[in-house]
Amino acid sequence: MISFDFEYYRPTTIKEAVQLHQSLDEQGKNPIYFSGGTEIITLGRVNKIQTGAVIDIKGIPECLVMRKDEQQLTLGVAQTLTKIRESQLFPFLSKVIVEIADHTARNKITLGGNLCANIIYRETVLPFLLTESQVVIAGPSGVKMRPLKEVFNQTLKLERGELLVQVITEQSEINSPSLSIKKRRQWDVGYPLITTAALKKNDSIKVGFSGLCSYPFRDQLIEQCLNDPSLSKEKKATEAIRLISTPILDDVHGSAAYRSFVLKNTLLDVMETLEEA
Ligand SMILES: Cc1cc2nc3c(=O)[nH]c(=O)nc-3n(C[C@H](O)[C@H](O)[C@H](O)COP(=O)(O)OP(=O)(O)OC[C@H]3O[C@@H](n4cnc5c(N)ncnc54)[C@H](O)[C@@H]3O)c2cc1C
């Protein structure tokens with residue numbers, strides 16, 4: 001049960017959503033955008049989110065777009081992970097999605113909800129970071145398009161009242177060889193011990209991680225190390241781990257030492273697989 005009352009709004013345009021957010025904010029209602037709603041409901045039940053109004057974005061056509069043209073793929077953030085995976089428009093993203101939650105939860109969880117989640121994993125950000133994707137953000141001052149890597153630093157850095165609308169990826173990035181390896185402590189479904197996403201472009205490997213530290217990230221220094229032709233694979237993997245600049249998680253899913261051990265083997269697998277791709 002959710003112990004507090006809140007108002008529910010379902011605008012049909014971006015402008016209406018942003019204006020609603022502004023006016024509800026001015027009324028002190030601490031509004032939040034509502035996409036799949038699974039996290040809001042979960043956190044609301046344990047009083048970790050308090051809001052007087054939710055703005056459901058599933059009635060906004062731009063947030064539901066799944067469009068592929070010759071140049072670009074555009075994904076609206078209110079689409080569910082299931083719909084995006086079934087479309088098979090972005091195989092790398094599908095590989096990440098299929099490991100998130102279970103089918104029933106993926107029918108509700110949306111792309112935008114995952115990218116803006118409070119929970120630390122936000123795994124869908126990895127394929128977008130590695131494919132140099134752009135995000136469309138709407139706010140009180142209008143709609144803008146920005147490279148994801150400029151606005152994603154641990155979390156998506158949205159200004160108050162800003163709405164994530166779409167993620168845009170160049171078609172030229174989409175067909176690069178890629179893989180996603182999710183290691184869990186146990187079971188086939190659940191949060192990651194570490195998820196490693198990797199992509200090969202112009203003979204270079206790009207990598208991103210979720211579950212390794214307290215936020216998902218991609219690190220150029222780690223990539224440089226993995227692509228250094230003067231090092232053996234073993235040395236690359238060891239050095240890459242040494243380069244991780246934030247503390248490795250040490251929690252119920254696994255100790256930092258165990259995560260490092262798993263990561264080293266995963267990096268060796270990534271290099272082996274993508275070398276042949
Ligand atoms: C059973 C289960 C298993 C899970 N397993 C995983 C997992 O393995 N890996 C993983 O990464 N995650 C996992 N999750 C977490 C899940 O991806 C997040 O909780 C996600 O936030 C849920 O998406 P939603 O669409 O329901 O979000 P919502 O509850 O709608 O929103 C979540 C947050 O994002 C904000 N938000 C949503 N859309 C926008 C937008 N367009 N613009 C601005 N802010 C927005 C909301 O205001 C809210 O703060 C799991 C969740 C469940 C229920």
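Computed from a prediction, not measured in an experiment: that's the story for all the values here.

A.B. asks: Could you clarify how one ought to interpret the overall build of the chain in this entry?
C.D. replies: Counting its regular elements, the chain contains 12 helices and 14 strands. Compactness check: the chain gives a C-alpha radius of gyration of 19 Å against a globular reference of 19 Å for 277 residues, within 12% of the reference. The principal-axis extent of the C-alpha atoms belonging to the chain is close to 60 × 45 × 30 Å. With 277 residues in all, the chain has 37% of them scored as buried. The long-range share in the chain, meaning contacts at least 24 apart out of those at least 6 apart in sequence, stands at 60%.

A.B. asks: Explanation requested: the domain arrangement of the chain in the structure shown.
C.D. replies: For interface size, the figure often reported is the accessible area lost on association. Domain parsing of the chain yields domain 1 (7-56), domain 2 (61-173) and domain 3 (176-275). Just the C-alpha atoms count here: the centres of domain 1 and domain 3 sit 36 Å apart.

A.B. asks: Where do I start with the nonpolar core in this structure?
C.D. replies: The nonpolar side chains of a soluble globular protein tend to be buried with one another. Core analysis: the biggest nonpolar cluster contains 63 residues, and I57, V77, L163, L164 and V165 have the highest contact counts within it. By residue number, the principal contributor to this core is helix 7 (residues 125-130), which donates 5 residues. When neighbours within four sequence positions are excluded, V165 is seen to be in contact with I14, E62, C63, V77, V136, I137 and A138.

A.B. asks: I'm lost on the environment of T80 in this one. Help?
C.D. replies: Among the structural elements, T80 can be located in the loop between strand 5 (72-76) and helix 3 (81-87). For T80 and K183, which are 103 residues apart along the polypeptide, the C-alpha to C-alpha distance reads 23 Å. Not counting chain neighbours up to four residues away, the residues in contact with T80 comprise G36, R106, N107, K108, I109 and T110.

A.B. asks: When you look at helix 1 (residues 14-26) in this model, what are you seeing that I'm missing?
C.D. replies: With 13 residues, helix 1 ought to run about 18 Å at 1.5 Å a step, and its terminal C-alpha atoms sit 19 Å apart, in line with that. Residues of helix 1 that are buried sit in contact with strand 3 (53-56), strand 6 (134-139), strand 7 (142-147) and strand 10 (163-170).

A.B. asks: Can you help me understand the packing of helix 11 (residues 233-242) against helix 12 (residues 256-275) in this one?
C.D. replies: Helix-helix packing: each pair is described by the crossing angle between the helix axes and the interaxial distance. Taken N-terminus to C-terminus, the directions of helix 11 and helix 12 make an angle of 135°; their axes are 9 Å apart at the nearest point. One way to sum up the angle between helix 11 and helix 12 is to call them oblique. Once helix 11 is placed against helix 12, the crossing between them reads as right-handed. Of the residues in helix 12, those in contact with K233, K236, A237, T238, A240 and I241 of helix 11 are S260, L263, K264, L267, L268 and M271. Grouping the constituent residues of the contact of helix 11 with helix 12 by class yields 7 nonpolar, 2 polar and 3 charged.

A.B. asks: For this particular structure, what's the right way to read the sheet that holds strand 7?
C.D. replies: Backbone hydrogen bonds hold the strands of a sheet together, and the pairing may be parallel or antiparallel. In space, the 5 strands of this open sheet follow the order 4-5-10-6-7, with antiparallel pairing throughout. Looking at the sheet topology across the chains shown, the edges are occupied by strand 4 (66-68) and strand 7. Going from strand to strand, the sheet's axes swing by 20° on average, the running direction of each strand aside. Summarising the sheet, strand 4 and strand 5 pair through 3 bridges and their orientation is antiparallel. Within the sheet, the bridge partner assigned to R67 lies in strand 5 and is T74. Packed onto the sheet, helix 1 meets strand 6, strand 7 and strand 10 and runs at close to 140° relative to strand 10.

Analysis parameters
- Residues numbered from 1 in each chain as written.
- Predicted model: local features only at pLDDT ≥ 70, side-chain atom pairs only at ≥ 80, totals over all residues.
- Helix = DSSP H or I, 4+ residues; strand = E, 2+ residues; numbered from the N terminus.
- Rg over C-alpha atoms; globule rule 2.2 N^0.38 Å.
- Buried ≥ 20, exposed ≤ 12 C-beta atoms within 10 Å, placed from the backbone.
- Contact = placed C-beta atoms within 7 Å.
- Domains from an automatic or database assignment.
- Core = buried A, V, L, I, M, F, W, Y, C linked by C-beta atoms within 7 Å.
- Expected span 1.5 Å × (residues − 1).
- Axes fitted to C-alpha atoms, helices over the stretch in contact; angles between N-to-C directions.
- Parallel < 35°, antiparallel > 145°, perpendicular 65-115°, else oblique.
- Left-handed = near helix turned anticlockwise from the far one by under 90°.
- Nonpolar A, V, L, I, M, F, W, Y, C, P; charged D, E, K, R; others polar.
- Pairing = 2+ DSSP bridges.

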